[in-house]
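# Observations on the model geometry
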Amino acid sequence: MATSKVTIPEFQTTPVDAIPGIAATARNTFKTHKTKDIQWRLVQLRKLYWAFEDFKPQMLEALQRDLHKSQFESLLTEVDWVKNDCMFMIQHLETFAKSEKLKAPHVPITHSLMNLHIRKEPMGTVLIIGPYNYPIQLLLAPMVGAIAAGCTVVIKPSELTPNCAMVIKQVIEERMDPDAYAVVNGAIPETNALMNEKWDKVFFTGSAQVGTIIAKKAAETLTPVCLELGGKNPAFVTKNANLALAARRLLWSKTMNAGQVCMSQNYVLIEREVVDTFIQQLHNSMKEMFPNGAKASPDLARIVNKRHFQRLKKMLDETNGKIVMGGSMDESELYIEPTAVLVNSTHDTMMMEESFGPIFSIYPVDSLDEALGIADGVHRTPLSLFSFGSKTENMKVLNEMTSGGATLNDAYFHGSVNTVPFGGVGDSGWGAYRGKASFDCFTHCRTVADTPGWADRLIRVRYMPFSFSEMRLLQRLTEVKPNFDRNGTITRGFGYWLGLIFGLGGRSAKGSNNTIDRGTSSSEVELCSNNAQQSSQQ
Ligand SMILES: NC(=O)C1=CN([C@@H]2O[C@H](COP(=O)(O)OP(=O)(O)OC[C@H]3O[C@@H](n4cnc5c(N)ncnc54)[C@H](O)[C@@H]3O)[C@@H](O)[C@H]2O)C=CC1
Ligand SMILES: CC1=C(/C=C/C(C)=C/C=C/C(C)=C/C=C/C=C(C)/C=C/C=C(C)/C=C/C=C(\C)C(=O)O)C(C)(C)CCC1
């Protein structure tokens, strides 16, 4: 456990002129193909698991020094989190990495002899850039995915959490294969030097502003990127919500890591008639969580540095709203009390800026429709949203507004599970990771056909000179007749009525007797998810 006897080396940036060599080593190692061996990857993941166990005291101490993070939070959301990630990958890697045989309905009968399958191949050499708020988890969890996928990896921790950055460097350099994995420490010059290198994928977690710089630079070499960015996340609270529960859970979201959580709520849109009760419930929850006051609590983290402290203070100084909970702060300790501000304009600083701290606004509305309109105007594609209302109201929120992820009747619980996909939508992020999605994120799904020589006569139709009689045979085998007319309306053909009468049909409306049913929705084959992801995002 954390102790002040633990020594952590002083922060040192990596010399900029060493960076091309570090990237070249990782690229050359990938070319040796050694990281492609599944057993080799498993050994790396096992080593990482034990490194996390053995370096636990240093990690807990570093998190305490950088963010004043309590041991409880550090274990739950950083150290144990990554250990659990390692175990999940170790247990499932062989399944994830298996080639997928492609068959019907994805493959037409005419192509069934060509042994179509998807090979799961590592993308290559990847760069992972991390933020400061979860300096260990948000760097190492993607790295687990990259190791599992068979990539070589260079990681760049945030310079704002220097103790964590140095412990991570020590962990990787002492315990992992130095030719395949490396850590570069530094800030903008070092990140720029890294971005001048050619990568097979860049995985970035951080602000939308820096994410834009990274995406632009990566576009110059058509390098794919996964971006995990911030957002102005709304919470909706209606008069049908359990207000005590909503208050406790939304306060929880602003106390974990002192609200420095990209998916925590920025603002709460709440029906006017329950605003007072909700505020009262927030006070009750504050008393329960912090019986001696928030400042005295050993559990509450601090703001990472003076710049971010001043940023949050400015939001509170410039608001036209009224502080209805909290409001105290102490710069010498980088402490800000969990704070709620009642506002009445979307132009308020508390609505316009991403909080990324223990402060949030409460905005009274007359209806859920009004709330949805406001949220759409503030940020159309937030990273997360939360809805506290009746079942019907929660479904309305889900149906009418998108977000990277969402939780009903709670704060960011969808993002508190390390094995389910996590990511943004639109300008809150491109791509997803965690669980199998972490493996997919760094995997190229390569479709391969292996056409047997003896089948050449059967598939002669493709060769010139073309023959229309052979084409008619091909059409008979492959053509699927539509079960809809030119207006897009389903037509109920003879087959449908016959099926209905004999109790066989009605499940799907088939248009004509000639329809070849290849299935429409469900598939027996789990197609590699990365293909769909890549094409929808680039
Ligand atoms: N979607 C997600 O999973 C998460 C998103 N975030 C977002 O990250 C932000 C807070 O984290 P920060 O560390 O402050 O983000 P940041 O964007 O300032 O820094 C992230 C990384 O980029 C590097 N960097 C900073 N400025 C750069 C520049 N001009 N050129 C090249 N590299 C640069 C930093 O050294 C750091 O490693 C918030 O906006 C938050 O919403 C944070 C955590 C998780
Ligand atoms: C159900 C059964 C049992 C009881 C189980 C219980 C009580 C489970 C409770 C689990 C809870 C409350 C877990 C809470 C976890 C919160 C976490 C891990 C938060 C994580 C936050 C993170 C990682 C933040 C990330 C930030 C990011 C990405 C960001 O800035 O964007 C029994 C009693 C065990 C019996 C069996 C059944």
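Residues numbered from 1 in each chain as written. Chains lettered and ligands numbered in written order. Predicted model: local features only at pLDDT ≥ 70, side-chain atom pairs only at ≥ 80, totals over all residues. Heavy atoms only, no water.

The name an unreviewed UniProt entry assigns to the protein is Aldehyde dehydrogenase, from the organism Diplogelasinospora grovesii. Of the comments in the UniProt record for the protein, the one headed Sequence similarities (unreviewed entry) reads "Belongs to the aldehyde dehydrogenase family." (UniProt positions renumbered as here; feature names shortened; annotations may be inferred.)

## With respect to the site of ligand 2
Not every one of the 15 residues close to ligand 2 is listed here, only the nearest: Trp 81, Asn 133, Tyr 134, Gln 137 and Cys 262. Interatomic distance of 2.8 Å between a side-chain N/O atom of Asn 133 and an oxygen atom of ligand 2. Between an oxygen atom of ligand 2 and a main-chain N or O atom of Cys 262, the distance comes to 2.9 Å. Relative to its unbound accessible area of 910 Å², ligand 2 is 49% covered by the protein chains. Top contributing element to the shell around ligand 2 by residue count: helix H4 (residues 71-97), with three residues. When grouped by side-chain class, the residues that make up the shell around ligand 2 number ten nonpolar, four polar and one charged. (Near = heavy atom within 4 Å. Polar contact = N/O pair within 3.5 Å; in protein donor to acceptor, adjacent residues only side chain to side chain. Areas by Shrake-Rupley, 256 points an atom, 1.4 Å probe, with all protein chains shown as cover. Helix = DSSP H or I, 4+ residues; strand = E, 2+ residues; numbered from the N terminus. Nonpolar A, V, L, I, M, F, W, Y, C, P; charged D, E, K, R; others polar.)

## A word on the environment of Glu 288
One can find Glu 288 in helix H10 (residues 275-289). Accessibility expressed as a relative area gives 55% for Glu 288, which makes it exposed. With 13 residues separating them along the chain, Glu 288 and Val 275 place their C-alpha atoms 20 Å apart. (Buried < 20%, exposed > 50% of the residue type's maximum accessible area, 1.4 Å probe, protein only.)

## Some words on the packing of aromatic side chains
Tallied over the entire structure, the rule returns ten aromatic pairs. With centroids separated by 5.7 Å and ring planes inclined at 85°, the aromatic side chains of Tyr 132 and Phe 356 adopt a geometry described as edge-to-face. Separated by 224 residues along the polypeptide, Tyr 132 in the loop between strand S3 (125-129) and helix H5 (137-149) and Phe 356 in the loop between helix H12 (349-352) and strand S14 (359-365) bring together distant segments of the chain. For Tyr 132, a relative accessible area of 6% puts it in the buried group. Judged by relative accessible area, which is 14%, Phe 356 ranks as buried. With a centroid separation of 4.9 Å and an interplanar angle of 80°, the aromatic rings of Phe 203 and Tyr 433 are classed as edge-to-face. (Phe/Tyr/Trp six-rings, centres within 6.5 Å; stacked < 30°, edge-to-face > 60°.)

## Observations regarding the site of ligand 1
The full set close to ligand 1 counts 25 residues, and Lys 156, Glu 159, Ser 207, Leu 229 and Glu 354 are the nearest of them. Within the backbone of Tyr 132, an N or O atom sits 3.1 Å from an oxygen atom of ligand 1. Considered on its own, ligand 1 offers 830 Å² of accessible surface; in the complex 91% of this is hidden by protein. Mapped onto the shell around ligand 1, the elements with two or more residues apiece are helix H7 (188-195), strand S6 (201-205) and helix H8 (208-220). By residue class, the composition of the shell around ligand 1 is 13 nonpolar, eight polar and four charged.

## Topic: the nonpolar core
Ranked by internal contacts, the top residues of the largest apolar core, which has 98 residues, are Leu 48, Leu 140, Ile 155 and Ile 172. Per element, the largest residue contribution to this core is eleven residues, and it comes from H4. Listed in part, the 28 residues of the second largest apolar core include Leu 269, Leu 312, Met 315 and Leu 385. (Core = buried A, V, L, I, M, F, W, Y, C linked by side-chain atoms within 4.5 Å.)

## Side note on the UniProt feature "active site" (unreviewed entry) in the protein
UniProt's feature table lists "active site" (unreviewed entry) at Glu 228 and Cys 262, given in the numbering used throughout. A maximum C-alpha distance of 9.3 Å places the annotated residues, which cover 35 residues in sequence, within one compact spot. Tracing the sequence through the fold places Glu 228 in strand S7 (residues 225-228). Residue contacts for Glu 228: discarding those within four places in its chain leaves Phe 203, Phe 204, Thr 205, Gly 206, Phe 422, Gly 423, Gly 424, Ser 428, Gly 431, Ala 432 and Tyr 433. When you line up the elements, Cys 262 lands in the loop between helix H9 (243-255) and strand S9 (267-271). (Contact = heavy atoms within 4.5 Å.)

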